[in-house]
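# Remarks on the overall topology
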Amino acid sequence: MANLTDSLNDLMSLEGALCAAVVDYNSGMMLASAGTGVDMELAAAGNTEVVRAKMKTIKALGLNENIDDILITLGKQYHIIRPCSRLAGIFVYYVLDNKRANLALARRKVTDVESEMTM
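Residues numbered from 1 in each chain as written. Predicted model: local features only at pLDDT ≥ 70, side-chain atom pairs only at ≥ 80, totals over all residues. Heavy atoms only, no water.

### Overview of the nonpolar core
What counts here: Side-chain atoms within 4.5 Å link the members of a nonpolar core, which is a set of buried Ala, Val, Leu, Ile, Met, Phe, Trp, Tyr and Cys residues. Each residue is placed in one exposure class: buried if its accessible area under a 1.4 Å probe, protein chains only, is under 20% of its type's maximum, exposed if it is over 50%, and partly exposed if it falls in between. Each helix is a run of H or I in the DSSP string that is no shorter than four residues. Each strand is a run of E no shorter than two, and both are numbered from the N terminus.
Judged by nonpolar contacts, the single largest core of 22 residues is most densely connected at Leu8, Leu11, Tyr94, Leu96 and Met117. Counting residues per element, the ones that place at least two in this core are helix 1 (4–12), strand 1 (17–24), strand 2 (29–35), strand 4 (77–83), strand 5 (90–97) and helix 3 (103–116). The element best represented in this core is strand 5, accounting for 4 residues. The next biggest cluster of nonpolar side chains, apart from the first, holds 16 residues, and it includes Cys19, Ala21, Met40 and Phe91.

This is the structure in structure tokens:
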């Protein structure tokens, strides 16, 4: 089991990683962050709304599903949002340079880190 700092440092070790955060989506507050390039406080609050909206839509559709991850592709970046399966109300937010990062490896890395993370 890894604490938040170790988990974020593990994410930042991947080629192309710009920044990462652990966010409480009940409050929108960032619990920990690493890296630079994005205003992580603002991103935490904004992506909280993305997660809440998707969860509300899943419920409204009557789907008995959980979000594995949400991928947002921008011109120069990948943004991965991954709700924690073991820590209710928490998600990992991961930003990568799309010219240097391997998306498949990044998704695998965030999955592995999330599964080992403790508070």
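### A closer look at the pattern of salt bridges
Where charged atoms from two side chains of opposite charge approach closely, those side chains can pair. So the rule is basically this: What counts as a salt bridge is simple: a side-chain nitrogen of Lys or Arg found within 4 Å of a carboxyl oxygen of Asp or Glu.
Enumeration according to the criterion identifies 7 salt bridges in this entry. Residue Asp10 pairs with Lys109 through a salt bridge whose shortest N-O separation is 2.9 Å. Pair noted here: Asp10 is in helix 1 and Lys109 is in helix 3, with a separation of 99 residues, a long-range link. Judged by its relative accessible area of 33%, Asp10 falls in the partly exposed class. Linking Glu114 and Arg82 is a salt bridge whose minimum nitrogen-to-oxygen distance equals 3.1 Å. Placement of the pair is Glu114 in helix 3 and Arg82 in strand 4, with a sequence separation of 32 residues. The exposure class of Glu114 is buried, given its relative accessible area of 2%. Each of Glu15, Asp97 and Arg100 takes part in a single network of salt bridges with overlapping partners.

### With respect to the packing of aromatic side chains
Rule in force here: Between rings of Phe, Tyr and Trp, where Trp is taken as its six-membered ring, a pair exists when centres lie within 6.5 Å; planes separated by under 30 degrees are stacked, by over 60 edge-to-face, and by other angles tilted.
Here the structure, examined in full by the defined rule, presents 1 aromatic pair. Considering the side-chain rings of Tyr25 and Phe91, the 6.4 Å spacing of their centres and the 25 degrees angle between planes classify their relative orientation as stacked. Placement of Tyr25 in the loop between strand 1 and strand 2 and of Phe91 in strand 5 is noted, with a sequence separation of 66 residues between them. When sorted by exposure, Tyr25 lands in the same class as Phe91, which is buried.

### Quick look at the sheet that holds strand 5
Note the cut-off: Each pair of strands is called paired provided DSSP finds at least two bridges between the two strands. Under this scheme, a helix contributes an axis fitted over its contacting stretch, all axes are lines through C-alpha atoms, and angles between N-to-C directions fall in the 0 to 180 degree range. Throughout, a contact is declared for two residues whenever any of their heavy atoms are within 4.5 Å.
What the 5 strands build is an open sheet, ordered 2-1-5-4-3; its pairing is antiparallel. The open sheet has two edge strands, strand 2 and strand 3 (70–73), and neither has a second partner. Across the sheet, the axes of successive neighbouring strands diverge by a mean angle of 15 degrees, strand direction being ignored. With 7 bridges joining them, strand 1 and strand 5 adopt antiparallel strand pairing. Bridge assignment links Ala21 to a residue of strand 5, and that residue is Tyr93. Relative to strand 1, helix 1 is tilted by about 150 degrees, and along the sheet it contacts strand 1, strand 2 and strand 5.

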